[in-house]
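# Chains, contacts and geometry: an overview
Single-letter residue listing:
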Amino acid sequence: MGDLSTTLDSRYTANSGRVFLSGTQALVRLPMLQRMRDEAAGLNTAGFVSGYRGSPLGGLDQALWKARPHLDARRIVFQPGVNEDLAATAVWGTQQLNLFPGAKYEGVFAMWYGKGPGVDRCGDVFRHANAAGSAKHGGVLVIAGDDHAAKSSTLPHQTEHVFKAVMMPVLYPANVQEYLDYGLHGWAMSRYSGCWVVMKALADTVETSASVSIDPLSIQIRLPDDFEMPKNDPHALNIRWPDPPLQQEARLLNHKLYAALAYCRANQLNRVVIDSADPASPARLGIITAGKAYLDVRQALDELGIDDELAAQIGIRLYKVGMVWPLEADGVRRFAEGLEEILVVEEKRQLLEYQLKEELYNWREDVRPRVVGKFDEKGEWALLPTGSGHLTHGDWLLPAAGELSVAQVARALAARIGRFFTSSAIEARLALLEAKQRSLAQGLLPATGMAAIQRTPYFCSGCPHNTSTRVPEGSRAVAGIGCHYMVTWMDRNTATFTHMGGEGVTWVGQAPFSSEKHIFANLGDGTYFHSGLLAIRQAVAAGVAITYKILYNDAVAMTGGQPVDGPLR
Ligand SMILES: Cc1ncc(C[n+]2csc(CCOP(=O)(O)OP(=O)(O)O)c2C)c(N)n1
Ligand code: SF4
C-alpha cells in the first residue's frame, strides 16, 4: 500500500523523494528549497517574492497566497507589486539590505515574476538594478512569463531580447524539474556573478505538471575554478555603495557576464545529449536547441522514428542549451567540432543562431560547419527574385513568426538529415505528419476529418461589463486591457486599445487633429490601480475631452479574479 501520510500539502512539506507539481507550484516551492539549502550551509537568510500577475503566470500569486504557512515557516515574504516595475524596485531593495545597519539576515534571496509586457515596462529598473548587482548571500531570480503564440496576450512576446538589452543572463528550462534545478542555479549564479538572473517561463512548460525530485540538496553547485575574480576577492562583483555609474558598467561588461558564463561552464548548463559513440563515423549534423524547442526536437525525432541510438548512428549530435544568453563559447566549440552542418531550432526570433554564428565566424572555412536555422543554406540575406520583378529575403526554414509545430521541426530535420541519410520509414512518417498538419490548418480534426468548432468568447451572463461597455448612440469608445477587451469583438462601436496603463491616451495624440469632439475610454478597476491612474492624469494634463469609464467589477478578472490590489479611492 502507498504512503498514506501523503497529503496535498506534501508538495510543499516533503523534503526528499518525488512529488507531483505543476510548473506554477514548482515556482512556489523553489524559494523554500533555496532557504533549505541556505540553512544546510549555515547561512542566516530569508526570501522575498514580488511581481505582478499575467499569463502564463496568472495564477502564481494565488498559489503563493495558498502556500502562505509554508512560506512563513521558511522566512519567505510574498508582497505582490502594485505593478511590475514597482515590484522589481522592491526586489532591488532586498539586495541593498546589508548595506545598512539593522539587517536581521545575512542576505535575502529574491524572486520577481511577471509576463512579457511586465518585463517590457521594467526595462529601466532592470537595467539599473542589474548594474548595481546582487548581494553575496542574496541573489535575484527573475521569472519571465512568455506567450510565444499570443494565446492569452495582445501580442506574442519573447523576452530574451529584452534581457539581452539590459544584460541579464537567461536560463530556459524545458520541464517542471528544470524549473526547480535552474531556479537554484539561477540564485547561485546571481550570488556568484553579481548579475540578476532570468528564468524564462513559457506557457507550454509552466502550465504542465510532472512528478519531480524535491531534494533541496540534489543539485550540486560548482563554483568556477577557471575564472579570475577581480583582486582575488570572491565578492568583488556584488552590490556596494557608493558605486559610480561607469564603475558599474565596467564591472558588468568586464567581469559579471563572464562570471555568469564561467558558472554556466562549471555547472554544464549546456550539454551534449546525443552523439555518435563511434570515432570511425563521427557526427555530421549538429542540432542546437533550448527549452520548448528542445521538446519539439525530441518529439519530431520520435515522430520520424529516430530514437537516440539511431540518431547517434546516423550522425546526429544534439546540444541542449540551458543558458540561452549569453551563449557559452567553449561548450559551443566542442559541440561544433567536426560537424558539417548545424541546425538551430529555436522558436521565434534568432537568439542562439546569431550568437552561434558569431562564435564560429573566425573558424577556418574548411572546418567551420554551415549554420542553418531560421533560413536554409541560401541564408537570410540572399536577395531572391519574387517573379514580379521585386526582391525578397532568403527562404524560411523554421519561421520566426508564430510558434513552431512538431511537424515543421520534423520537416526541417528530415530535409537536413536527408542530405546524407535516407530511409523510406522516415519519409512515410513525415508524409503522415504532413497530412495531420494540413487537416489542422484547414480547421479539421485529424482523427475524424470533421470541422473543429470555433466560438468567439463573450461576457459571462450577469457580468457588469455587459452593460458598462455600451456607448450612447453616435459616440465611440477605445478599449483597454482586461476581460472587457472582448467588447472589441462586439457591435459596440469600440475599436483600438493600448497596452495596460495607457488607456485613452491615444486620444491625446488625435484630438488636436480631429473634428471628433469626444470619446469614451474603458479602464478596468485592476488596471486603474496598476497604472491607469496616470493615463487619466495625462488626459487631464492635455485637456482633451474624454470620458473614462472605470469598469468596476471588484476583481482583476482576466488573470483569475484576484482582488484589486488596494482601495480605489
Ligand atoms: C503590463 C501588463 N501586466 C499584466 C498584464 C496581464 N493582464 C491582462 S488583463 C489583466 C487584468 C486587468 O484587470 P482589470 O483592469 O480589472 O480588468 P478586468 O479583467 O477585470 O475586466 C492583467 C493583469 C498585462 N496585459 N500587461
Ligand atoms: S469579468 Fe468575470 S464575469 Fe465578466 S466576462 Fe470576465 S470572467 Fe466573466
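These figures come from a predicted structure and were not determined experimentally.

### Brief notes about the overall build of the chain
Looking only at helices and strands, the chain features 20 helices and 20 strands. Compactness check: the chain gives a C-alpha radius of gyration of 26 Å against a globular reference of 25 Å for 569 residues, within 12% of the reference. Looking at the chain residue by residue over its 569 residues, the buried ones come to 54%. Intrachain contacts of the chain at a sequence separation of at least 6 include 76% that bridge at least 24 residues. As displayed, the chain has an accessible area near 26,400 Å², and 55% of this comes from carbon and sulfur atoms. Between the mean site of the 55 positive side-chain charges and the mean site of the 59 negative ones, the chain shows a separation of 4 Å.

### Let's talk about the site of ligand 1
In the neighbourhood of ligand 1, 23 residues make up the surrounding shell, with Glu84, His465, Cys483, Gly526 and Thr527 lying closest. Contacts to ligand 1 include Asn553, whose side-chain N or O atom sits 2.9 Å from an oxygen atom. Between an oxygen atom of ligand 1 and a main-chain N or O atom of Ala555, the distance comes to 3.0 Å. Taking 590 Å² as the accessible area of ligand 1 by itself, protein coverage stands at 96%. Counting residues per element, the shell around ligand 1 draws most heavily on helix H20 (residues 525-542), which supplies three residues.

### A short note on the pairing of strand E20 (residues 546-551)
In this structure, strand E19 (residues 519-524) lies alongside E20, joined through six bridges in parallel fashion. Of the residues in E20, the one forming a bridge with Ala521 is Tyr548. Between the parallel elements E19 and E20, the chain passes through H20 in a crossover that is right-handed.

### Some points on the nonpolar core
Ranked by internal contacts, the top residues of the largest apolar core, which has 99 residues, are Leu27, Phe126, Phe163 and Ile288. When residues in this core are grouped by element, the largest group, nine residues, is from helix H9 (residues 176-193). Looking at this core, you find at least three residues from each of domain 1 (18-266) and domain 2 (271-441). Here Phe126 is in contact with Ala88, Trp112, Val119, Val142, Phe163, Val166, Met168 and Trp196, once residues within four sequence places are set aside.

### A closer look at the sheet that holds strand E13 (residues 341-345)
If you walk across this open sheet you meet the five strands as E9-E11-E10-E13-E14, and the pairing is mixed. The strands lining the two open edges of the sheet, one partner per strand, are strand E9 (271-274) and strand E14 (370-372). With direction set aside, neighbouring strand axes in the sheet form an average angle of 25°. Where strand E10 (residues 285-290) meets strand E11 (residues 316-321), six bridges bridge the pair, whose relative direction is parallel. Bridging from a neighbouring strand, Thr289 pairs with Lys320 of E11. On the sheet, helix H12 (residues 291-303) packs against E9, E10, E11 and E13 and is oriented at approximately 135° with respect to E10. The strands touched by helix H16 (residues 406-417) are E10, E11, E13 and E14; relative to E13, the strand with the most contacts, the crossing angle is about 180°.

### Some words on the sheet that holds strand E4 (residues 107-115)
Taken together, seven strands build an open sheet; the order of strands is E3-E2-E4-E5-E7-E6-E12 and the sheet is mixed. Edge positions in the sheet fall to strand E3 (76-78) and strand E12 (323-325), since each of these pairs with one other strand and no more. Bridge analysis of strand E6 (residues 170-171) against strand E7 (residues 197-202) gives two bridges, and the strand direction is parallel. Bridge assignment links Leu171 to a residue of E7, and that residue is Met199.

### Considering a nonpolar patch on the surface
Among the surface-exposed residues, Leu99, Phe100 and Trp241 lie close enough to one another that they form a single nonpolar patch of about 400 Å² accessible area. For Phe100, the location among the structural elements is in the loop between helix H5 (84-96) and E4. When its relative accessible area of 53% is taken as the criterion, Phe100 is described as exposed.

### Regarding the site of ligand 2
As a matter of local geometry, ligand 2 sits amid Phe459, Cys460, Cys463, His465, Cys483, Asn553 and Ala557. A class-by-class count of the residues in the shell around ligand 2 yields five nonpolar, two polar and no charged.

### Description of the domain arrangement of the chain
Per the domain assignment, the segments making up the chain are domain 1 (18-266), domain 2 (271-441) and domain 3 (465-559). Once you take the C-alpha centre of each, domain 1 and domain 2 turn out to be 31 Å apart. Contact residues are listed per partner, giving 28 residues for domain 1 and 23 residues for domain 2. Taking both sides of the interface into account, the surface hidden between domain 1 and domain 2 amounts to around 2,100 Å²; carbon and sulfur atoms contribute 66%. Three residues stand out in domain 1 for area buried against domain 2, namely His148, His161 and Tyr172, and they jointly supply 25% of the buried area on that side. In this assembly, domain 1 and domain 2 are joined by three salt bridges. Between Arg265 and Glu328 there is a salt bridge, and its shortest N-O distance comes to 3.1 Å. Among the elements of the structure, helix H8 (160-166), E6, H9, helix H10 (203-206) and helix H11 (245-266) are those that each provide at least two residues to the side of domain 1 that touches domain 2. Ranked by the residues each element gives to the side of domain 1 that touches domain 2, the list is headed by H11, at five residues.

### Details of unusual backbone geometry
The peptide bond linking Ser55 to Pro56 adopts the cis configuration, its omega dihedral lying at 10°. Within the secondary structure, Pro56 sits in the loop between strand E2 (45-51) and helix H3 (60-66). Note that the residue after Trp325, namely Pro326, is joined by a cis bond; omega there is -10°. Locating Pro326 in the fold gives a position in the loop between E12 and helix H14 (329-336). For Lys231, which is not glycine, the phi torsion reads 55° and is therefore positive. Mapped onto the elements, Lys231 comes out in the loop between strand E8 (209-213) and H11. Positive phi, normally seen in glycine, also occurs at Lys348, with a value near 70°. As for its position among the elements, Lys348 is in the loop between E13 and helix H15 (352-360). Residue classification places Lys348 among the buried positions, given a relative accessible area of 8%.

### Describing the packing of aromatic side chains
Evaluation of the coordinates by the stated rule reveals twelve aromatic pairs. A centroid spacing of 5.7 Å and a plane angle of 40° characterise the contact between Phe126 and Phe163, whose relative ring orientation is tilted. With a gap of 37 residues between them, Phe126 in helix H7 (residues 123-132) and Phe163 in helix H8 connect regions that are remote in the sequence. A single burial state applies to Phe126 and to Phe163, both of which are buried. Where Phe375 meets Trp396, the ring centres are 4.2 Å apart and the plane angle is 25°; that geometry is what we call stacked. Taken together, the positions of Phe375 in the loop between E14 and strand E15 (384-385) and Trp396 in the loop between strand E16 (391-392) and H16 put the pair 21 residues apart, joining distant regions of the chain. The exposure class assigned to Trp396 is partly exposed, which follows from its relative accessible area of 41%.

Rules and cut-offs
- Residues numbered from 1 in each chain as written.
- Chains lettered and ligands numbered in written order.
- Predicted model: local features only at pLDDT ≥ 70, side-chain atom pairs only at ≥ 80, totals over all residues.
- Heavy atoms only, no water.
- Helix = DSSP H or I, 4+ residues; strand = E, 2+ residues; numbered from the N terminus.
- Rg over C-alpha atoms; globule rule 2.2 N^0.38 Å.
- Buried < 20%, exposed > 50% of the residue type's maximum accessible area, 1.4 Å probe, protein only.
- Contact = heavy atoms within 4.5 Å.
- Areas by Shrake-Rupley, 256 points an atom, 1.4 Å probe, with all protein chains shown as cover.
- Lys, Arg positive; Asp, Glu negative; His and termini not counted.
- Charge placed at Lys NZ, Arg CZ, Asp CG, Glu CD.
- Near = heavy atom within 4 Å.
- Polar contact = N/O pair within 3.5 Å; in protein donor to acceptor, adjacent residues only side chain to side chain.
- Pairing = 2+ DSSP bridges.
- Right-handed = clockwise from strand over helix to strand, strands pointing away.
- Core = buried A, V, L, I, M, F, W, Y, C linked by side-chain atoms within 4.5 Å.
- Domains from an automatic or database assignment.
- Axes fitted to C-alpha atoms, helices over the stretch in contact; angles between N-to-C directions.
- Patch = residues over 30% accessible without salt bridge, like charges linked within 9 Å, V, L, I, M, F, W, Y side chains within 5 Å.
- Salt bridge = Lys/Arg side-chain N within 4 Å of Asp/Glu carboxyl O.
- Nonpolar A, V, L, I, M, F, W, Y, C, P; charged D, E, K, R; others polar.
- Buried area = accessible area lost by both parts, 1.4 Å probe.
- Phe/Tyr/Trp six-rings, centres within 6.5 Å; stacked < 30°, edge-to-face > 60°.

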